[in-house]
Amino acid sequence: MQIIISNTSKEPIYEQIYVQIKKQVLTNELQAGAALPSMRELAKDLGISVITTKRAYEELEKTGFIYSVVGKGSFVSEQNKEMILERKMKVIEEQLMAAIQNSKEIGIELPELKELLTMLYMEDV
Amino acid sequence: MSFIIFFIVTLFIAVIQTIIPYLVNRTIVFGVSIPEQYIDSKTLKKYKKHYSISVAFFSVMILGSYVLWVLRNDRLDNQVALTGVIIEFALILISLSFYLYYHGKTKQLKQQNKWVENLKQMKVTDLSVRGQDEMLPWYIYLLPIISTAGLMAYTLMNYDMLPDQIPTHWGPGGEADAFTKKTPISAMQLTLVLLLMQSMFLGIHVATKKSGIKLSATSLQASRNRQLLLRKYSSWLLYIVVLAVTMLMSYFQLMTIHPEIGEGSAKMLIPFGFLVLVLVGTLVFAIKVGRSDKELEMPIEAKIMDHDEDRYWRGGIFYFNKNDPSIFVEKRFGVGWTINFANPLGYFVIFLPLIIIFLIAFL
């Protein structure tokens, strides 16, 4: 559950934090309900301005990856459409990659694979 | 008695000053940050060794001369004490000079060898590290504070029993040696100072707890180990010191109300025990924390280093960083904490109680 930021990177720091926390939520490394350090704590741990961490947390809240409870802190969201979609998308990508890998191993070309995919897709419905 | 106390304190300062280079953070050498890849440099090891040998040499000379000077003739107690203070300052000044010399040399070495070029600088944290923080809770400080409040009430209740001359200062043997006229304020003075000290310590504790847990990208495990131990043991040490100060000052106050408890050896043993406890506690703390990041050997990823923060450290000692919201950060030369001078809250925590204590003591 590390956050690594680089001052020389082209991406602004808040975005680096945003992207990394988002990734950890999507890969389930940060599980639903898990408490995040407060904006102030995160800013202090990284030695950066609170404005920066605040912006990252606001973006994460806007996109629904985390939610905040006044007086209690920020937590990883439980149910979220976009989040689930994105996670599913990732799984699909991985499975397709595996299928492609297998196809390449036994010499199945792209058109043939597409055809197989279309056939299976239609059949299922 | 003066002689023994000054000898022990000076010896303690000498030992700590001598071994400091081996107790500081693994990637900091004489207040200069060194990328993990180069911390085993032969030149750096030579600098550390030369510093320690030089400081040890001067310490032995100074302490030896002090012992000889005291033993040669019968010296007056206040002479022994004054010279004791002078040699302590001398020792600190000498080690500081050596530090500054090697600070400059290390800085030069780092520049000449271009150690930071071609390395990507990064900062790292772990979202779960806060959950592993084991510092004491703040409310544990209520115990000594309530005890002081009780002592204040007890003093007021027994105001008539207090002598006409209220002691304000105690010599090294536990004997009161300065007095002031009895007034309700002078009777309460000691307990007021105690209460202020306790609040200051509580403030330091809270500010430390709220300060950042700084991890190193190149030695994640070692730095986490050190930061967590530093936080845990410094909060213990601070609390032990608060308890010891409370007991010592309460004892003095009770001795003023009931002179009979000051008879016998307790008067001498209690302050002396206090001194030994604080010094031993500090030494154990420094060594435990100082060794905590040295044993873990980490494979180093070739092209990265921790964010180079040398420009925020004046002389490697004073930290000014406006972007860092922490009030306290880990010291660069020594074991413990130092204040972020760019954060005004820090002045409030440290200097305000000190100013009030001085005002009470000297007005």
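If you're wondering where the values come from, they're calculated on a predicted model, not measured in any experiment. (Residues numbered from 1 in each chain as written. Chains lettered and ligands numbered in written order. Predicted model: local features only at pLDDT ≥ 70, side-chain atom pairs only at ≥ 80, totals over all residues. Heavy atoms only, no water.)

J.: Quick question: what am I supposed to make of the overall build of chain A here?
T.: When you go through chain A residue by residue, the secondary structure sums to five helices and four strands. Tracing chain A from N to C terminus, the helices and strands come up as β-α-β-α-α-β-β-α-α. For 125 residues, the compact-globule estimate of 2.2 N^0.38 gives 14 Å, and the C-alpha radius of gyration of chain A, at 20 Å, exceeds that figure by more than 25%. Across its three principal axes, chain A shows a C-alpha extent of roughly 55 × 35 × 20 Å. In chain A, the proportion of contacts linking residues at least 24 apart, taken out of those at least 6 apart, comes to 45%. Accessible surface, chain A as shown: approximately 8,400 Å² in total, 57% of it carbon and sulfur. Charge separation in chain A, taken as the distance between the mean sites of 15 positive and 19 negative side-chain charges, equals 9 Å. (Helix = DSSP H or I, 4+ residues; strand = E, 2+ residues; numbered from the N terminus. Rg over C-alpha atoms; globule rule 2.2 N^0.38 Å. Contact = heavy atoms within 4.5 Å. Areas by Shrake-Rupley, 256 points an atom, 1.4 Å probe, with all protein chains shown as cover. Lys, Arg positive; Asp, Glu negative; His and termini not counted. Charge placed at Lys NZ, Arg CZ, Asp CG, Glu CD.)

J.: Before we go on, may I ask you to explain a nonpolar patch on the surface in this structure?
T.: Together, Phe318, Phe320, Tyr347, Phe351, Leu354, Ile355, Phe358, Leu359 and Phe362 of chain B make up an exposed nonpolar region whose accessible area comes to about 870 Å². The element best represented in the nonpolar patch is helix α8 (residues 344–362) of chain B, accounting for seven residues. (Patch = residues over 30% accessible without salt bridge, like charges linked within 9 Å, V, L, I, M, F, W, Y side chains within 5 Å. Salt bridge = Lys/Arg side-chain N within 4 Å of Asp/Glu carboxyl O.)

J.: Just to check I follow, could you spell out the environment of Phe272 of chain B for this structure?
T.: All names here are of chain B. In this fold, Phe272 is placed in helix α7 (residues 266–291). Expressed as a C-alpha distance, the spacing of Phe272 and Pro172, which sit 100 residues apart in the sequence, is 8.2 Å. Apart from the residues lying within four places of it in its own chain, the contact partners of Phe272 are Met1, Ile4, Ile5 and Ile8.

J.: Looking at this structure, how should I read the nonpolar core?
T.: Nonpolar side chains in soluble globular proteins tend to be buried together. Judged by nonpolar contacts, the single largest core of 70 residues is most densely connected at Phe30, Ile204 and Phe328 of chain B. Every element with two or more residues in this core is listed here: α1 (2–19), α2 (42–72), α3 (77–112), α5 (184–209), α6 (220–257), α7, β10 (337–339) and α8 of chain B. Of the residues forming this core, the biggest block, 13 residues, is contributed by α6 of chain B. Taken together, domain 1 (1–118) and domain 2 (120–363) of chain B each give at least three residues to this core, which thus spans both. In contact with Phe328 of chain B, not counting residues within four places along its chain, are Ile204, Ala207, Thr208, Ser211, Trp337, Thr338, Ile339 and Ile350 of chain B. If you look at the next biggest cluster of nonpolar residues, it comprises 20 residues, including Ile21, Leu26, Leu36 and Tyr57 of chain A. (Core = buried A, V, L, I, M, F, W, Y, C linked by side-chain atoms within 4.5 Å. Buried < 20%, exposed > 50% of the residue type's maximum accessible area, 1.4 Å probe, protein only. Domains from an automatic or database assignment.)

J.: So what exactly am I meant to see when it comes to the side chain of Ser326 of chain B here?
T.: Within the secondary structure, Ser326 of chain B is located in the loop between β8 (318–319) and β9 (328–330). Polar contacts involving the side chain of Ser326 of chain B include one to the main-chain amide nitrogen of Gly212 of chain B, which spans 2.9 Å. Aside from chain neighbours lying at most four places away, what touches Ser326 of chain B is Lys44 of chain A together with Ser211, Gly212, Lys214, Asn340 and Asn343 of chain B. (Polar contact = N/O pair within 3.5 Å; in protein donor to acceptor, adjacent residues only side chain to side chain.)

J.: Explain the packing of helix α4 (residues 142–157) of chain B against α6 of chain B here, please?
T.: Angle between the axes and distance between the axes are the two parameters that describe a pair of packed helices. Residues and elements named next belong to chain B. Direction vectors running N to C along α4 and α6 enclose 10°, while the axes themselves pass 10 Å from each other. Taken as axis vectors, α4 and α6 run roughly parallel relative to one another. Across the interface between the two elements, Leu143, Pro144, Ser147, Thr148, Leu151, Tyr154 and Thr155 from α4 touch Tyr239, Val242, Leu243, Thr246, Ser250, Gln253, Leu254 and Ile257 from α6. Taken together, the residues of the contact of α4 with α6 sort by class into nine nonpolar, six polar and no charged. (Axes fitted to C-alpha atoms, helices over the stretch in contact; angles between N-to-C directions. Parallel < 35°, antiparallel > 145°, perpendicular 65-115°, else oblique. Nonpolar A, V, L, I, M, F, W, Y, C, P; charged D, E, K, R; others polar.)

J.: Help me out: how do you make sense of the domain arrangement of chain B in this one?
T.: Many authors give the size of an interface as the accessible area that is lost as the parts come together. Residue and element names in this part refer to chain B. As far as domains go, chain B holds domain 1 (1–118) and domain 2 (120–363). On a C-alpha basis, the centroid separation for the pair domain 1 and domain 2 is 23 Å. Buried area between domain 1 and domain 2, summed over both chains or domains, comes out near 3,000 Å², and the portion from carbon and sulfur atoms is 66%. The interface formed by domain 1 and domain 2 holds two salt bridges in total. Joining domain 1 to domain 2, the criterion identifies 13 residue pairs in polar contact (both at pLDDT 80 or more). Secondary-structure elements contributing two or more residues to the side of domain 1 that touches domain 2 are α1, β2 (32–33) and α3. If you tally residues by element for the side of domain 1 that touches domain 2, the top one is α1, at nine residues. Grouping the constituent residues of the side of domain 1 that touches domain 2 by class yields 22 nonpolar, seven polar and four charged. (Buried area = accessible area lost by both parts, 1.4 Å probe.)

J.: Explanation requested: the UniProt feature "domain: DUF1648" (unreviewed entry) in chain B in the structure shown.
T.: The positions UniProt marks with the feature "domain: DUF1648" (unreviewed entry) are residues 151–192 of chain B. The distance from the first to the last C-alpha atom of residues 151–192 of chain B is 10 Å, and the span holds 38% helix and 29% strand. (UniProt positions renumbered as here; feature names shortened; annotations may be inferred.)

J.: It is not clear to me how the side chain of Gln16 of chain A should be interpreted in this structure. Could you clarify?
T.: Residues and elements named next belong to chain A. For Gln16, the location among the structural elements is in helix α1 (residues 13–26). The buried category is assigned to Gln16, whose relative accessible area is 7%. A distance of 3.0 Å separates a polar atom in the side chain of Gln16 from the backbone oxygen of Glu11. Once residues within four sequence positions are removed from consideration, Gln16 is found in contact with Ile4, Ile5, Ser6, Ser9 and Glu11.

J.: Is there a simple way to explain the packing of aromatic side chains in this structure?
T.: Given two aromatic rings, their pairing is described by the distance between the two centres and the angle made by the two planes. All names here are of chain B. On inspection of all chains with the given rule, the structure shows 25 aromatic pairs over all chains. Grouping aromatic residues by their ring pairs yields a cluster made of Phe30, Tyr47, Tyr51, Tyr99, Tyr101, Tyr102 and Phe333. If you follow Lys182 out to its NZ or CZ, it ends over the ring of Tyr159, 4.5 Å from the centre. Lying across the ring of Phe320, Arg314 places its NZ or CZ 4.5 Å from the centre. (Phe/Tyr/Trp six-rings, centres within 6.5 Å; stacked < 30°, edge-to-face > 60°. Lys NZ or Arg CZ within 6 Å of the ring centre and 35° of its normal.)

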